[in-house]
Amino acid sequence: MISVDLSRAKLRSANLTGADLRSANLSDADLGGADLSDANLRGANLASTDLSDAENLKQEQLDNACGNTTTKLLNGLSLKQCKE
């Protein structure tokens, strides 16, 4: 599978409903306010990504993704650390 490199992308308030972001590099991306309804984040790198006010983001979507200590998440959500 070829993954997309969206590192440092400015996707604030984007409609990403149903987006296939499997294995995507979203490190340092701004997804604040983005609608992530049913987006597939399996294997996505969310290191240093701003998800602080992403809409419709669920824990199940984050369970198979990874981030780091500077990833910004909505309260109550968690993310495992990416392997370096």
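See above for the structure.
Within each chain, residues carry numbers counting from 1 in the order of the written sequence. pLDDT decides what is reported in this predicted model: residues at 70 or higher carry local features, side-chain atom pairs at 80 or more are listed and counted, and totals for whole chains, interfaces and linings draw on all residues regardless. Note that the side-chain values use all heavy atoms of the structure and ignore hydrogens as well as water.

Caption draft 1: Just the overall build of the protein chain, in detail. Here a helix means four or more residues in a row that DSSP labels H or I, a strand means two or more in a row labelled E, and each is numbered from the N terminus. Helix and strand content of the protein chain: one helix and two strands. Each radius of gyration is computed over the set of C-alpha atoms, and the globule rule expresses the reference value as 2.2 Å times the number of residues to the power 0.38. In terms of overall dimensions, the protein chain is globule-like: its C-alpha atoms have a radius of gyration of 11 Å, near the 12 Å expected for 84 residues. Its C-alpha atoms put the protein chain at 30 × 25 × 25 Å along the principal axes. Looking at the 84 residues of the protein chain, the share that counts as buried comes to 44%. Should any heavy atoms of two residues lie within 4.5 Å, those residues are considered in contact. Sequence separation of at least 24 residues holds for 5% of the intrachain contacts in the protein chain that already meet a minimum separation of 6. Taken as a whole, the protein chain presents about 4900 Å² of accessible surface, with 44% of it coming from carbon and sulfur. Placing the 9 positive and 12 negative side-chain charges of the protein chain at their respective mean positions leaves the two points 5 Å apart. Think of it in three bands: with a 1.4 Å probe and only protein chains considered, a residue is buried below 20% of the maximum accessible area for its type, exposed above 50%, and partly exposed in between. The method behind every accessible area is Shrake-Rupley, applied with a 1.4 Å probe, and residues are considered shielded solely by the protein chains displayed. The convention is simple: Lys and Arg are positive, Asp and Glu are negative, and His and the chain ends are not counted. For charged residues, the charge sits on one atom: NZ in Lys, CZ in Arg, CG in Asp, CD in Glu.

Caption draft 2: Structural context of the state of the cysteines. Note that a disulfide, as used here, is simply two cysteine sulfur atoms within 2.5 Å. All chains considered together, the criterion is met by one disulfide. With a sulfur-sulfur separation of 2.0 Å, Cys-66 is cross-linked through a disulfide to Cys-82. Disulfide Cys-66-Cys-82: torsion about the S-S bond near 90 degrees, hence right-handed. With Cys-66 in strand 1 (residues 66–67) and Cys-82 in the segment after strand 2 (80–81), this pair connects stretches of sequence that are 16 residues apart. By the burial criterion, Cys-66 is buried, and Cys-82 matches it.

Caption draft 3: Structural detail: the environment of Gly-33. If you trace the backbone, Gly-33 turns up in the segment before helix 1 (59–62). Accessibility expressed as a relative area gives 13% for Gly-33, which makes it buried. Beyond its immediate chain neighbours, meaning those up to four positions away, Gly-33 contacts Arg-12, Ser-13, Asp-53, Ala-54 and Glu-55.

Caption draft 4: View of unusual backbone geometry. Backbone geometry at Asp-28 places phi at a positive 65 degrees, although glycine is not the residue there. Counting through the fold element by element, Asp-28 comes out in the segment before helix 1. Backbone geometry at Asn-56 places phi at a positive 60 degrees, although glycine is not the residue there. Looking at the element boundaries, Asn-56 is found in the segment before helix 1.

Caption draft 5: Focus on the pattern of salt bridges. By convention in these notes, a salt bridge is any Lys or Arg side-chain nitrogen within 4 Å of a carboxyl oxygen on Asp or Glu. Within the structure shown, the criterion is met by four salt bridges. Across the pair Arg-12 and Asp-50 runs a salt bridge, and its minimum N-O distance is 3.4 Å. Here Arg-12, found in the segment before helix 1, pairs with Asp-50, found in the segment before helix 1; they are 38 residues apart in sequence, far enough to count as distant. Residue class for Arg-12 comes out partly exposed when judged on its relative accessible area of 43%. Its relative accessible area of 14% is what places Asp-50 among the buried residues. The residue Asp-53 makes a salt bridge to Arg-12 at a minimum N-O spacing of 3.7 Å. Remark: Arg-12 occurs in the segment before helix 1 and Asp-53 occurs in the segment before helix 1; sequence separation between them is 41 residues. Shared partners join several salt bridges into a network, and the residues in it are Arg-12, Asp-30, Asp-50 and Asp-53.

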